[in-house]
Amino acid sequence: MAEDEEAPTGADGKPGRLNATAAALLGFLHDGEQSGYELVGTSQQVIGDFWTVTRSQVYRELAALTTRGLVEEGERGARSRRPYRITAAGRAAFAEWIARPPGTEQIRYPLLLTMSFGPWLGPDRLLEFLDRHRRLHEDRLARYLAAAAEQAAELGPYHLATLTFGIHYERAVLAWMDDVPEILATARGTSGDDTGTGNR
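Keep in mind that this is a model prediction, so the values were computed, not measured.

Cut-off values and rules
Residues numbered from 1 in each chain as written. Predicted model: local features only at pLDDT ≥ 70, side-chain atom pairs only at ≥ 80, totals over all residues. Heavy atoms only, no water. Core = buried A, V, L, I, M, F, W, Y, C linked by side-chain atoms within 4.5 Å. Buried < 20%, exposed > 50% of the residue type's maximum accessible area, 1.4 Å probe, protein only. Helix = DSSP H or I, 4+ residues; strand = E, 2+ residues; numbered from the N terminus. Contact = heavy atoms within 4.5 Å. pLDDT = per-residue confidence, 0-100. Salt bridge = Lys/Arg side-chain N within 4 Å of Asp/Glu carboxyl O. Pairing = 2+ DSSP bridges. Axes fitted to C-alpha atoms, helices over the stretch in contact; angles between N-to-C directions. Phe/Tyr/Trp six-rings, centres within 6.5 Å; stacked < 30°, edge-to-face > 60°. Lys NZ or Arg CZ within 6 Å of the ring centre and 35° of its normal.

Colleague: A description of the nonpolar core should follow, citing residues and the corresponding values.
Modeller: By size, the foremost hydrophobic cluster in this structure holds 23 residues, and its most contacted members are Leu18, Leu25, Leu26, Leu39, Val58 and Leu65. Among the secondary structure elements, those contributing two or more residues to this core are helix 1 (20–29), helix 2 (36–46), helix 3 (55–67), strand 3 (83–86) and helix 4 (88–98). Non-local contacts of Leu25, meaning those with residues more than four positions away in its chain, are made with Leu39, Ser43, Val58, Glu61, Leu62 and Leu65.

Structure follows, in structure tokens:
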């Protein structure tokens with residue numbers, strides 16, 4: 001199981017090492033206390049394009065972090081939301097996590113998964129899927145470029161470096177999408193749907 005897919009931090013009752021999602025929450029809390037609801041929004045806004053954090057994960061990790069003494073709960077405020085603040089132990093745990101070399105990336109791209117089983121679908125349907133995804137990537141690239149142009153000073157060098165990766169990634173995906181129609185042209189008449197065998 002990859003680090004980002006680990007069980008909740010401390011779920012086995014032992015201190016253990018922080019998983020990446022728990023560490024990200026501690027990182028956000030360095031800027032001040034936030035409720036679970038606010039942390040969900042911060043996660044989606046800041047890292048949501050490259051790191052999936054669900055609402056259930058946030059609350060699960062907050063409970064585990066509280067048990068370990070890495071965050072502490074405040075009094076309930078507006079709309080009964082309970083704020084969380086990082087403790088000294090939480091800062092130390094985050095410092096230990098951030099100093100570790102990060103693991104290698106693992107791409108989870110549904111379009112690629114479907115493409116790998118393309119012989120059972122055929123090129124025409126795959127190109128329809130590709131066109132839908134192209135629009136999403138074009139929109140995301142435009143959003144990233146606008147943010148880089150308008151918010152570079154506000155973002156700071158580290159967030160700007162992260163954003164620049166996104167720009168290069170989206171351009172690479174769109175370049176790949178430009179190549180796919182020509183590649184799939186050689187597959188016409190050989191798909192699983194056409195032959196009934198699923199042979200490439």
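Having seen the model, we can carry on.
Colleague: Just give me the short version of the confidence of the model for the protein, but keep the residues and values in it.
Modeller: When the pLDDT values of the protein are averaged, the result is 87; 84% of them are 70 or greater. In the model, residues 1–5 has pLDDT below 50 throughout and makes 10 contacts with residues more than four positions away in sequence or in other chains. In this model residues 191–200 is a low-confidence stretch, pLDDT under 50, and it forms 20 contacts with partners more than four residues away in sequence or in other chains.

Colleague: So what's going on with the side chain of Thr42? Which residues, and what values?
Modeller: Tracing the backbone through its elements, the reader meets Thr42 in helix 2. With sequence-adjacent residues up to four places away left out, Thr42 is seen in contact with Phe28, Gln34 and Ile47.

Colleague: Could you give an account of the pattern of salt bridges, naming the residues involved and the relevant values?
Modeller: The final tally for this structure, using the stated rule, is nine salt bridges. Here Arg85 makes a salt bridge to Glu33, at a shortest N to O gap of 3.0 Å. You can see Arg85 sitting in strand 3 and its partner Glu33 sitting in the loop between helix 1 and strand 1 (34–35), a full 52 residues away along the chain. Accessibility expressed as a relative area gives 44% for Glu33, which makes it partly exposed. Among the ionic pairs, Asp178 bridges to Arg134, the shortest N-O distance being 3.1 Å. Each of Glu33, Glu72 and Arg85 takes part in a single network of salt bridges with overlapping partners.

Colleague: I'd like a description of the sheet that holds strand 3, backed by residues and values.
Modeller: Spatially, the three strands line up as an open sheet ordered 1-3-2, and their pairing is antiparallel. Pairing within the sheet leaves two strands with one partner each, and these edge strands are strand 1 and strand 2 (71–73). With three bridges joining them, strand 2 and strand 3 adopt antiparallel strand pairing. Looking across to strand 3, one finds that Val71 is bridged to Ile86. Along the sheet face, helix 1 touches strand 1, strand 2 and strand 3 and points at about 90° away from the line of strand 3.

Colleague: Give me the lowdown on the environment of Gly90, citing residues and values where you can.
Modeller: Residue placement: Gly90 occurs in helix 4. Taking the relative accessible area as the measure of exposure, Gly90 reaches 0% and is therefore buried. Note: C-alpha distance between Gly90 and Glu72 (18 residues apart in sequence) is 9.4 Å. Gly90 has contacts with Leu26 and Leu70, leaving out every residue within four places of it along the chain.

Colleague: Please set out the packing of aromatic side chains residue by residue, giving values where relevant.
Modeller: Ring pairs (aromatic) are described by centroid distance and by the angle formed between their planes. Counted according to the given criterion, the structure contains two aromatic pairs. Plain terms: the ring middles of Phe94 and Trp97 are 5.7 Å apart, the flat faces sit at 40° to each other, and that makes the pair tilted. Note that Phe94 and Trp97 are positioned in helix 4 at a spacing of three residues, about one turn of the helix. Assessed through its relative accessible area of 17%, Phe94 is described here as buried. Cation over ring: Arg81 sits above Tyr37, and NZ or CZ is 3.8 Å from the ring centre.

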